Amino acid sequence: MKNRDFSILSLILIGAAALPLLSFSQTDQRWGDLGDGTFANPVLNADYSDPDVIRVGDKYYLTCSEFHFMGMPILESTDMVNWRVIARVHDSLASDGYADMEKYGEGTWAPALRYHAGTYYIYVCSPNEGLWVTTATDPAGPWTAPRVIKAVSGWEDPCPLWDEDGNAYLGRSELGGGPIYMHRMSPDGMQLLDDGIEVYHGPVAEGTKLFKKDGYYYLSVPEGGVSTGWQTVLRSTNIYGPYEGARTLEQGSTDINGPHQGAYVDTPDGEWWFYHFQSTPVLGRVVHLQPVHWVDGFPQCGTDYDGNGVGEPMQIVTKPATGMAQQPFELQTSDDFSGSEIGVHWQFNHNPDMSRFSLSQRPGWLSIAPLQASSLKGARNQLTQKMMGYNGTVETAIDITRMAAGQRAGLLCIGSSNVGAGVQLDGTTPMLYFEKDGEEIQLSDIPAGISTLYLRLVYNVPEKRNQYYYSLDGVNYSALHTPFSQTEGNWKGARVGLYAYTTSSLSPTSQSPAFDYFLYTTDSPNTLFNHGGQ
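The shown structure was predicted, so the numbers you read here are calculated from the model rather than taken from an experiment.

K.L.:
Looking at this structure, how should I read the overall build of the chain?
P.N.:
Of the regular secondary structure elements, the chain holds one helix and 39 strands. For the chain, the C-alpha radius of gyration of 24 Å lies close to 24 Å, the compact-globule estimate for 534 residues. Judged by the C-alpha coordinates and their principal axes, the chain covers about 75 × 50 × 35 Å. Buried positions account for 63% of the 534 residues belonging to the chain. Partitioning the contacts of the chain with sequence separation of at least 6, the portion at a separation of at least 24 is 60%. On the chain, roughly 18500 Å² of surface is accessible, and the fraction owed to carbon and sulfur atoms is 48%. Within the chain, the 59 negative side-chain charges are centred at a point lying 2 Å from the centre of the 33 positive side-chain charges.

Below, the structure is given as structure tokens:
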């Protein structure tokens, strides 16, 4: 594989204006829109793993892998930097195990989002069920229920391409990292027409993305593994090859490991940009955005700090010239439960039972009628959000007056471990408790007459330190148990959220803990401006 030479100066001019040529160092913990015409990578400092991004008109849409979490989100942006969640593509997958909390690490892997002839398509593989597709005429939904169009094990990372001559294709990889296969696909995108032809075999080549430019078919593939790899782009005048390739992005002299797997996107004015992920130990795969410069028919990303002819990730970059001015705003996080439905920025751990959620039983509160489980890991109806930023605080208040014996309810923090803290009722007296991976620690009784328990979780990602707190009056807080660490697990970054379950027989919906609010504050720089994303 050959690398293409390119001008360091031209890369600086396209993406960084007069910014200094300094290698990316993560000692600087800025991220997102800086409010001065620049942004700091990561642009999304949360686990939007394997991101795919498209432009339709003057808007940009993003989706990502979610594995066993339901379901894939659709994010929208006008400036490529500030995003809001506009849809949750699905609430469940119709396959054995997703309703029984048995599919950790499975589910939706590396989806491809495309727009063709007035329809939005998402193609995604799950490792044991096969190739799924879902469509919508509006990216905000509704999306059709995901359906399997090829039942097979061992496929991953599909991507469609509709050619100008009316033919349609689908590229995909094999579980474990290659090779890359190309299939003929029906023009409606609903079936494959052959068994596929191998078109490329590289070192852990996966994450296939297809696009066409200037008469060439392009395969954009990450290689080398999640945390250690690089981005490769291949091109050919024939969809089946042979392909010539170039390495377009690597860690080089920066601190950004494994910069790869994402999407090349153009602006209406002809700029090109590359979204990619970086694997981190706590937050998971966070999203970076790099300027792109085309050299001899190949895209080169970021800046070549070490001078070897391959781009490296940049930290501070001038915002894309999208032609759409946008003031910074925060991605949705908090919820006061005043709506008629659970917000689209929430995700479920495995398939939920929606009949057990209520926003009307007590208006302004979320009631979760507990389902039976032996511990938090098996508790259905966990509501989750991605841990975001380097520091954050999550708070809630629980009405404990209608809880039944056997119930637990509280704040969760899950990843490599399943950690919860809150209230436990095994007899007649509610107790503060802490649990980690099935081991419960009873802490103290909650005094008689207390109807509301206030909970807080404070996390510090660089220190891998998390601490729960509680209050009986909403003002004075005390530590609830001791600090604990959390890292990514089951291919996803750490998460925060709410839970309720029962270790005894199924409770009636009238005996349900209710949550007053979910207040989630991160160190997003956009907090300094407004909350327009909520």
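K.L.:
Would you mind going over the sheet that holds strand β26 (residues 357-358) with me for this structure?
P.N.:
Hydrogen bonds along the backbone pair up the strands of a sheet, which may run parallel or antiparallel. Reading across the sheet, the seven strands line up as β26-β27-β39-β30-β35-β36-β37 and stay open at both edges, with antiparallel pairing between neighbours. Because the sheet does not close on itself, it has two edges, and the strands there are β26 and β37 (478-484). Across four bridges, strand β36 (residues 465-471) lies against β37 in antiparallel orientation. In the sheet register, N466 faces β37, and the bridge partner there is F484.

K.L.:
What exactly am I supposed to notice about the environment of F69 here?
P.N.:
By the element assignment, F69 lies in strand β5 (residues 69-70). Given the relative accessible area of 4%, F69 is considered buried. If near-sequence neighbours (up to four positions away) are discounted, F69 is found in contact with F348, N349, T384, I414, K492 and R495.

K.L.:
Please explain the pairing of strand β4 (residues 59-63) as it appears in this structure.
P.N.:
Most of β4 is tucked away, with four of its five residues classed as buried. Here strand β3 (residues 52-56) runs beside β4; their pairing, made up of five bridges, is antiparallel. Looking across to β4, one finds that R55 is bridged to Y60. Where β3 folds back onto β4 in an antiparallel hairpin, the turn is made up of two residues, including G57, whose phi is positive at roughly 70 degrees.

K.L.:
Just checking my understanding: could you explain the packing of aromatic side chains for this structure?
P.N.:
A ring pair, where both rings are aromatic, is described by two values, the distance of the centres and the angle of the planes. The full count for this structure, using the stated rule, is 24 aromatic pairs. Here Y218 and W294 contribute two aromatic rings whose centre-to-centre distance is 5.5 Å and whose plane-to-plane angle is 80 degrees, an arrangement assigned as edge-to-face. Here Y218, found in strand β17 (residues 216-223), pairs with W294, found in strand β22 (residues 284-295); they are 76 residues apart in sequence, far enough to count as distant. An aromatic cluster is present here, built from F211, Y216, Y218, Y264, W272, F274 and W294 joined pairwise through their rings. The positively charged end of R172 is found above the aromatic ring belonging to W155, 3.8 Å away from the centroid. Above the face of the Y48 ring, K386 is positioned so that its terminal group lies 4.6 Å from the ring centre.

K.L.:
What should I look at first to understand the sheet that holds strand β21 (residues 272-280) in this one?
P.N.:
Read across the open sheet, the four strands follow the order β20-β21-β22-β23; overall the sheet is antiparallel. The outermost strands of the open sheet, each flanked by one partner alone, are β20 (260-266) and β23 (298-301). Sheet twist, expressed as the mean angle between neighbouring strand axes with direction ignored, is 35 degrees. With nine bridges joining them, β21 and β22 adopt antiparallel strand pairing. Bridge pairing links F274 to Q290 in β22.

K.L.:
Help me out: how do you make sense of unusual backbone geometry in this one?
P.N.:
Leaving glycine out, the prevailing phi sign among residues is negative, and the prevailing peptide bond configuration is trans. Of note, the amide linkage connecting M70 to G71 takes the cis form, showing an omega dihedral of -15 degrees. Residue placement: G71 occurs in the loop between β5 and β6 (73-77). Cis peptide bonds are those with omega within 30 degrees of zero, and the linkage from G141 to P142 qualifies with 10 degrees. Among the secondary structure elements, P142 is positioned in the loop between β10 (130-136) and β11 (147-151).

K.L.:
What exactly am I supposed to notice about the nonpolar core here?
P.N.:
Across soluble globular proteins, nonpolar side chains have a tendency to be buried as a group. Membership of the largest hydrophobic core comes to 87 residues, with the highest contact counts inside it found for Y48, W83, W143, M387, Y468 and F518. Among all residues touching M387, those that are not within four sequence positions of it are N45, A46, V282, L283, C413, Y459, V461, N466, A494, R495, V496 and Y520. Counting residues in hydrophobic clusters, the runner-up holds 16 residues, among them I180, V199, L210 and L219.

K.L.:
Looking at this structure, how should I read the pattern of salt bridges?
P.N.:
Opposite charge on two side chains permits pairing when their charged atoms draw close. For the coordinates displayed, the defined rule picks out 25 salt bridges. One salt bridge connects D50 with R285, and the closest N-O pair in it is separated by 3.3 Å. In this pair, D50 sits in the loop between β2 (38-40) and β3 while R285 sits in strand β22, placing the two residues 235 residues apart along the sequence. R285 shares its class with D50; the two are buried.

Definitions and cut-offs
- Residues numbered from 1 in each chain as written.
- Predicted model: local features only at pLDDT ≥ 70, side-chain atom pairs only at ≥ 80, totals over all residues.
- Heavy atoms only, no water.
- Helix = DSSP H or I, 4+ residues; strand = E, 2+ residues; numbered from the N terminus.
- Rg over C-alpha atoms; globule rule 2.2 N^0.38 Å.
- Buried < 20%, exposed > 50% of the residue type's maximum accessible area, 1.4 Å probe, protein only.
- Contact = heavy atoms within 4.5 Å.
- Areas by Shrake-Rupley, 256 points an atom, 1.4 Å probe, with all protein chains shown as cover.
- Lys, Arg positive; Asp, Glu negative; His and termini not counted.
- Charge placed at Lys NZ, Arg CZ, Asp CG, Glu CD.
- Pairing = 2+ DSSP bridges.
- Phe/Tyr/Trp six-rings, centres within 6.5 Å; stacked < 30°, edge-to-face > 60°.
- Lys NZ or Arg CZ within 6 Å of the ring centre and 35° of its normal.
- Axes fitted to C-alpha atoms, helices over the stretch in contact; angles between N-to-C directions.
- Core = buried A, V, L, I, M, F, W, Y, C linked by side-chain atoms within 4.5 Å.
- Salt bridge = Lys/Arg side-chain N within 4 Å of Asp/Glu carboxyl O.

Shape descriptors only; they carry no functional weight alone.
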